Each structure stands twice: as C-alpha cells, then as structure tokens.
Amino acid sequence: MVFRFPKTLDPITLFHSPSAPASQNALKTLQRALAAAEAGEPQTTKRGEFQLEVTTEAPTTDQLRNILDYVTADPAGAGSNRIVYGVEQVVKGARNAEDAVKRFKEDGGQGFVRPITVDWTNGRAVLGDNESEILKMVHQLDVD
C-alpha cells in the first residue's frame, strides 16, 4: 500500500460585491466552471478542479500588491493574449501601484474595485465579468 498526500486544489478567489450585476455574472461563471470540473466533464482544461473562495472582504495589503502585479505585468511579452490592466481599474483613482496601496490603506479598501477573480497559484487576475477571460484563467487555457 502506497501512502499519498491528497492533491491540494488551486485556490481561486472572487472578490465579490453581491449587489453588482458584474460580480453576480463572474460568480455564476465560476460556479459553472467549478461544477463542470467536479463532474469531470470533458473539456479543454489543464487544471481540473479548483478551490473557489468567494469573499466580500477587501484583500489584505499583501494580496493587493500581488493583484496589482498580476494585472499590470505582461510576463509573456507583447505577443501575449493576456489582458493587461491599469492600477486605476483595481483601486479607484490610483495613478500607480504605490498610490493604489496608499489609497487602499487610507480608505480601508473602499476604493477597491470588484469583481476581481484571482488565481493565486498561477499569478493571474481578471477584472470584471469577462466570461471568456475568467474561463481561460480557471481552465489554464493559455498557461504553459
């Protein structure tokens, strides 16, 4: 008998605002993707199941810094299909990452824009409810 540790599932977090239609759409997209993965439905995916965390809380300052890195960097270069966002789309009114963190701390996270879906394992984030981008991220369709 061989003992194996259970595979840990990749955590994906939705920073959610229940009153926002875009956030509701993002949640539904993630729930459908998770249900399909759990059911083992054949699909073009490299990830399989994942752990979905939905929170209405603002991220921690460290999480915010990671999110800013994920959305403003284009690690694959100019030829990447990945969408690159600006910091002002993560924290309202921010001019750069330093300003975003400063504003975030000053307003207690009130300027943090939701929904944002974050794949912590692969360092990716999708702002808003762009279904195709969320599905690409959760299925790792363009990740090597």
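The rules we used
Residues numbered from 1 in each chain as written. Predicted model: local features only at pLDDT ≥ 70, side-chain atom pairs only at ≥ 80, totals over all residues. Heavy atoms only, no water. UniProt positions renumbered as here; feature names shortened; annotations may be inferred. Salt bridge = Lys/Arg side-chain N within 4 Å of Asp/Glu carboxyl O. Helix = DSSP H or I, 4+ residues; strand = E, 2+ residues; numbered from the N terminus. Buried < 20%, exposed > 50% of the residue type's maximum accessible area, 1.4 Å probe, protein only. Expected span 1.5 Å × (residues − 1). Core = buried A, V, L, I, M, F, W, Y, C linked by side-chain atoms within 4.5 Å. Contact = heavy atoms within 4.5 Å. Pairing = 2+ DSSP bridges. Axes fitted to C-alpha atoms, helices over the stretch in contact; angles between N-to-C directions.

Per an unreviewed UniProt entry, the recorded name for the chain is Thioredoxin-like protein, and the organism is Aspergillus nomiae NRRL. Of the comments in the UniProt record for the chain, the one headed Function (unreviewed entry) reads "Putative mitochondrial redox protein which could be involved in the reduction of small toxic molecules."

Novice: I'm lost on the pattern of salt bridges in this one. Help?
Specialist: Where charged atoms from two side chains of opposite charge approach closely, those side chains can pair. All told, the structure shown has six salt bridges when counted by the stated rule. The residue aspartate 99 makes a salt bridge to arginine 95 at a minimum N-O spacing of 3.5 Å. A salt bridge links glutamate 133 to lysine 136; the nearest nitrogen and oxygen atoms lie 3.2 Å apart. One end of the pair is glutamate 133 and the other is lysine 136, both in helix 4 (residues 131–139) and three residues apart, which spans about a single turn. Overall, the relative accessible area of 24% leaves lysine 136 in the partly exposed class. Three or more residues are tied together by salt bridges with common partners; here these are Arg95, Asp99 and Arg103.

Novice: Explain helix 1 (residues 21–38) to me, please; I cannot follow it from the model alone.
Specialist: The α-helix winds at 3.6 residues per turn, so residues separated by three or four positions along the chain end up facing the same way. With 18 residues, helix 1 should reach 26 Å at 1.5 Å per residue; the first-to-last C-alpha distance of 26 Å fits that figure. Among the residues of helix 1, those classed as buried are Ser23, Ala26, Leu27, Thr29, Leu30, Ala33, Leu34, Ala36 and Ala37.

Novice: For this particular structure, what's the right way to read the nonpolar core?
Specialist: Proteins that are soluble and globular tend to have nonpolar side chains buried together. Ranked by size, the top nonpolar core spans 32 residues in total, and within it Leu64, Ile67, Val90, Phe112, Ile116, Val118 and Val138 carry the most contacts. For this core, the secondary-structure elements that each account for two or more residues are strand 1 (10–15), helix 1, helix 2 (61–72), helix 3 (97–106), strand 3 (116–119), strand 4 (124–127) and helix 4. Setting aside residues up to four positions removed in sequence, isoleucine 67 forms contacts with Phe15, Pro59, Val90, Phe112, Ile116, Val118 and Trp120.

Novice: It is not clear to me how the sheet that holds strand 1 should be interpreted in this structure. Could you clarify?
Specialist: Strands in a sheet are paired, the pairing made by backbone hydrogen bonds, and the direction either parallel or antiparallel. Strands sit in the order 2-1-3-4 across an open sheet of four strands; the sheet is mixed. For this open sheet the edge positions go to strand 2 (50–55) and strand 4, each flanked by a neighbour on one side alone. Pairs of neighbouring strands in the sheet enclose a mean axial angle of 15°, with direction left out of account. The pairing of strand 1 with strand 2 spans six bridges and is parallel. Its bridge partner lying in strand 2, threonine 13 is registered against glutamate 53. Of the strands in this sheet, strand 1, strand 2 and strand 3 are in contact with helix 1, which crosses strand 2 at around 160°.

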